[in-house]
Amino acid sequence: MKNLIRSARNLSRNVMLTALGGAVLLAGATTAQATVGTHSKEKPTIVLLHGAFADGNSWSEVTGRLQKDGYQVVAPAVPLRGIASDASYLSGVLATIPGPKVLVGHSYAGALVSELGDTAGVKSLVYVAAFIPQAGETLGALNSQFPGSDLGSVTTTISYPGGLDLAVDPNGAGPVLAADVPARQAAVFVAAQRPIAAAAFGEPVEETAPAALPKYAVIPTGDHAIAPAAERFMANRAGAKITEVKGASHLVAVSQPAAVTKVIEQAAR
């Protein structure tokens, strides 16, 4: 009788352990499914590329807004050594960022966004007061195609052994780059400028942005660095959704960060 009771208890315990094990496996499968579902709906990382004479701080106000809204943001230092060279470096940066990505380029970096558009995981492109070149074009030729750019009047050259850079004149760059930014803030920006290799503006672009990728363009109507007419031409040609920011300067991400952030988040959705 004792043996019979002991056998019954063992059978009951085995049944309970089997059921418990099944419940654990089921819970694990459910958790895995939930994780997969969450991953598929994750927000893309926003990659902000600055233009000539600038650094990642030019995106500070936009970066803060995006982070507040739950986005991961990367604003790498662009070497400003030339389109092919910079694109090669940035492809390495993008390789370290998992999951979906939205590429955002300001000014010169529009060319880099186009070059990097076929990178795995890139879901959309945003051009902010930027060039949107096609393969074989140069930024210098595009900027001279339409009247309205005063950038040439405030650029200076820095010659060094083995190269030539372009910089902007601190005494005249404010009205051209940042007419709607407080003068003191614009002066700080110019004081910390990062010159760009002069050859970058004569270097033919190798890639046209992939036609299938959604594209967005922010055009500041008060831009005196790249003519708004040139920006409209390039954006329309690329099939980009255009948002014009009335009266904003070339540094529209500094003077109108909310407007720029709104477009980036549209691209991210």
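Owing to the predicted nature of the structure, the values given are computational and were not obtained by experimental measurement.

**Student:** Help me out: how do you make sense of the pairing of strand β9 (residues 241–245) in this one?
**Tutor:** On any regular strand, side chains alternate: one points to one face of the sheet, the next to the other face. With 5 bridges connecting them, strand β8 (residues 215–220) and β9 associate as parallel partners. Its bridge partner lying in β9, Ile 219 is registered against Glu 244. Handedness of the β8-helix α8 (residues 228–238)-β9 crossover: right-handed.

**Student:** What's the story with the sheet that holds strand β7 (residues 196–197) in this structure? I'm lost.
**Tutor:** The strands making up a sheet associate through backbone hydrogen bonding, with each pair oriented either parallel or antiparallel. Strand order in the open sheet formed by 3 strands is β5-β6-β7, with antiparallel pairing between adjacent strands. Strands with a single pairing partner mark the edges of an open sheet, and in this sheet they are β5 (155–160) and β7. Relative to β7, strand β6 (residues 163–168) runs antiparallel, the two being bridged by 2 bridges. Along β7, the bridge assignment pairs Asp 165 with Ala 197.

**Student:** Where do I start with the pattern of salt bridges in this structure?
**Tutor:** Oppositely charged side chains can pair when the atoms bearing their charge come close. Tallying each qualifying case throughout the model produces 4 salt bridges. Residues Arg 81 and Asp 165 are paired through a salt bridge, measuring 3.2 Å at the closest nitrogen-oxygen approach. Remark: Asp 165 occurs in strand β6 and Arg 81 occurs in the loop between β2 (73–74) and α3 (83–95); sequence separation between them is 84 residues. Given the relative accessible area of 35%, Arg 81 is considered partly exposed. By relative accessible area, Asp 165 is classed as buried at 9%. A salt bridge links Glu 244 to Arg 232, with the nearest nitrogen and oxygen atoms 2.6 Å apart. Within this pair, whereas Glu 244 is found in strand β9, its partner Arg 232 is found in helix α8, the two being separated by 12 residues in sequence.

**Student:** Help me understand the sheet that holds strand β1 (residues 45–49), please; the structure alone is not making it clear to me.
**Tutor:** Strand order in the open sheet made by the 6 strands is β2-β1-β3-β4-β8-β9, with parallel pairing throughout. Strand pairing shows two members of the sheet lacking a second neighbour, β2 and β9, which therefore form its edges. In terms of strand pairing, strand β4 (residues 122–128) meets β8 through 4 bridges, oriented parallel. Following the sheet pairing, Val 126 is matched in β8 by Tyr 216. Most of the contacts of helix α2 (residues 60–68) go to β1, to which it runs at about 180°, and overall it touches β1 and β2. Those strands touched by helix α10 (residues 257–268) are β1, β3 (101–106), β4, β8 and β9, and its axis lies near 160° from that of β4.

**Student:** How should the nonpolar core be read in this particular structure?
**Tutor:** The tendency in soluble globular proteins is for nonpolar side chains to be buried side by side. Membership of the largest hydrophobic core comes to 57 residues, with the highest contact counts inside it found for Leu 49, Leu 103, Tyr 108, Leu 112, Leu 125 and Ile 196. Considering each element in turn, this core owes the most residues, 5 residues, to α3. Residues contacting Leu 103, with those up to four places away along its chain left out, are Val 47, Leu 94, Val 113, Leu 116, Val 122, Ser 124, Leu 125 and Val 126. Within the second largest apolar cluster, 23 residues are counted, among which are Leu 48, Tyr 71, Val 73 and Ala 129.

**Student:** Got a minute to help me understand α8 in this structure?
**Tutor:** Residues separated by three or four positions in an α-helix point in the same direction, a consequence of the helix having 3.6 residues per turn. All of the buried residues in α8 are Pro 228, Ala 230, Glu 231, Met 234 and Ala 235. Considered in projection along α8, the buried side chains sweep an arc of 155° and stay on one side of the axis. Considering only its buried residues, α8 is in contact with α5 (139–144), β8 and β9. The positive-phi residue at the C-terminal boundary of α8 is Gly 239, with phi of around 75°.

Basis of the calculations
- Residues numbered from 1 in each chain as written.
- Predicted model: local features only at pLDDT ≥ 70, side-chain atom pairs only at ≥ 80, totals over all residues.
- Heavy atoms only, no water.
- Pairing = 2+ DSSP bridges.
- Helix = DSSP H or I, 4+ residues; strand = E, 2+ residues; numbered from the N terminus.
- Right-handed = clockwise from strand over helix to strand, strands pointing away.
- Salt bridge = Lys/Arg side-chain N within 4 Å of Asp/Glu carboxyl O.
- Buried < 20%, exposed > 50% of the residue type's maximum accessible area, 1.4 Å probe, protein only.
- Contact = heavy atoms within 4.5 Å.
- Axes fitted to C-alpha atoms, helices over the stretch in contact; angles between N-to-C directions.
- Core = buried A, V, L, I, M, F, W, Y, C linked by side-chain atoms within 4.5 Å.
- Arc of directions from axis to C-beta.

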